[in-house]
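# Commentary on secondary and tertiary structure
Here are the chains, one letter per residue:
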Amino acid sequence: MPRTCPCGLPASYQDCCGRFHRGEAVAATAEQLMRSRYSAFGVGDAAYLLRTWHPSGRPARLGLDSKTRWVRLEVLETTGGSVVHTEGTVRFRAHYVERGNPGELEENSRFVRFEGRWVYAGAL
């Protein structure tokens, strides 16, 4: 496991997103969930990604490409998604290296509360 958290916050993986992946805590905000999902891609935790996906759009299984290395996350904008909201969006840019070639993915993700927890509801 990485020492520093892949999500980009100045904390160790264990104390930051690792606690969500291990089920010791749940994300309090949409941005926190998005960061923890990015970190799950980084550490190869497909089970966490599936658990935090809204059932209406969740795939039956998720295969992660071990040749893709997620290297940096930029949060560009958030709307709603706080502890008092029931939905929110997070626009981000995720940087990766795939088979030696750098790339980036930009998405505006929608998050909603489902059964009291934040879940990923898809891209806008």
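Heads up: the structure comes first, above all this text.
What you see is a predicted model, and the numbers here were worked out from it, not measured in a lab. (Residues numbered from 1 in each chain as written. Predicted model: local features only at pLDDT ≥ 70, side-chain atom pairs only at ≥ 80, totals over all residues. Heavy atoms only, no water.)

### Brief notes about the packing of aromatic side chains
Scanning all chains against the criterion turns up 5 aromatic pairs. An aromatic cluster of three or more residues is present, and its members are Tyr-38, Phe-41, Trp-70 and Tyr-96. The cationic tip of Arg-37 hangs over the ring face of Trp-53; the distance from NZ or CZ to the ring centre is 5.1 Å. (Phe/Tyr/Trp six-rings, centres within 6.5 Å; stacked < 30°, edge-to-face > 60°. Lys NZ or Arg CZ within 6 Å of the ring centre and 35° of its normal.)

### Digging into the pairing of strand E3 (residues 101–114)
Here 12 bridges tie strand E2 (residues 87–98) to E3, and the two strands are oriented antiparallel to one another. If you follow Ala-94 over to E3, its bridge partner there is Leu-105. Taken together, E2 and the strand that follows it, E3, pair antiparallel across an intervening segment of 2 residues, in which Arg-99 is found at a positive phi of about 55 degrees. The pairing of E3 with strand E4 (residues 117–123) spans 6 bridges and is antiparallel. For Arg-113, the partnering residue across the bridge sits in E4 and is Trp-118. Between E3 and E4, which pair antiparallel one after the other, the connecting turn spans 2 residues, and Glu-115 there sits at a positive phi close to 50 degrees. (Pairing = 2+ DSSP bridges. Helix = DSSP H or I, 4+ residues; strand = E, 2+ residues; numbered from the N terminus.)

### Details of the side chain of Glu-107
Here Glu-107 lies in strand E3. Buried and unpaired, Glu-107 has Arg-37 as its nearest opposite-charge partner, separated by 7.1 Å. Within polar-contact distance, the side chain of Glu-107 engages the side chain of Ser-109 at 2.5 Å. A distance of 2.9 Å separates polar atoms of two side chains, one belonging to Glu-107 and the other to Tyr-120. (Buried < 20%, exposed > 50% of the residue type's maximum accessible area, 1.4 Å probe, protein only. Lys, Arg positive; Asp, Glu negative; His and termini not counted. Salt bridge = Lys/Arg side-chain N within 4 Å of Asp/Glu carboxyl O. Polar contact = N/O pair within 3.5 Å; in protein donor to acceptor, adjacent residues only side chain to side chain.)

### Here we look at helix H2 (residues 30–43)
Helical geometry: 3.6 residues make up each α-helical turn, so side chains three or four residues apart lie on a common side. An ideal rise of 1.5 Å per residue puts 20 Å on 14 residues; H2 measures up with 20 Å between its terminal C-alpha atoms. Within H2, the full set of buried residues consists of Ala-30, Leu-33, Met-34, Arg-35, Ser-36, Arg-37, Tyr-38, Ser-39 and Ala-40. Contacts made by the buried residues of H2 are with helix H1 (18–21), helix H3 (46–51), strand E1 (68–80), E2, E3 and E4. (Expected span 1.5 Å × (residues − 1). Contact = heavy atoms within 4.5 Å.)

### Side note on the pairing of E1
Here E1 runs beside E2; their pairing, made up of 11 bridges, is antiparallel. Each bridged residue has a counterpart across the sheet, and for Arg-69 the counterpart in E2 is Val-97. A loop of 6 residues connects E1 with E2, the two strands running antiparallel in sequence, and Gly-81 in this loop sits at a positive phi of about 75 degrees.

### Points about the sheet that holds E4
Across the sheet, which stays open at both edges, the 4 strands sit in the order E1-E2-E3-E4 with antiparallel pairing between neighbours. Both edges of this open sheet fall to E1 and E4, since each of them pairs with a single strand only. Taken pair by pair, the neighbouring strands of this sheet meet at an average axis angle of 30 degrees, ignoring direction. Most of the contacts of H2 go to E1, to which it runs at about 170 degrees, and overall it touches E1, E2, E3 and E4. (Axes fitted to C-alpha atoms, helices over the stretch in contact; angles between N-to-C directions.)

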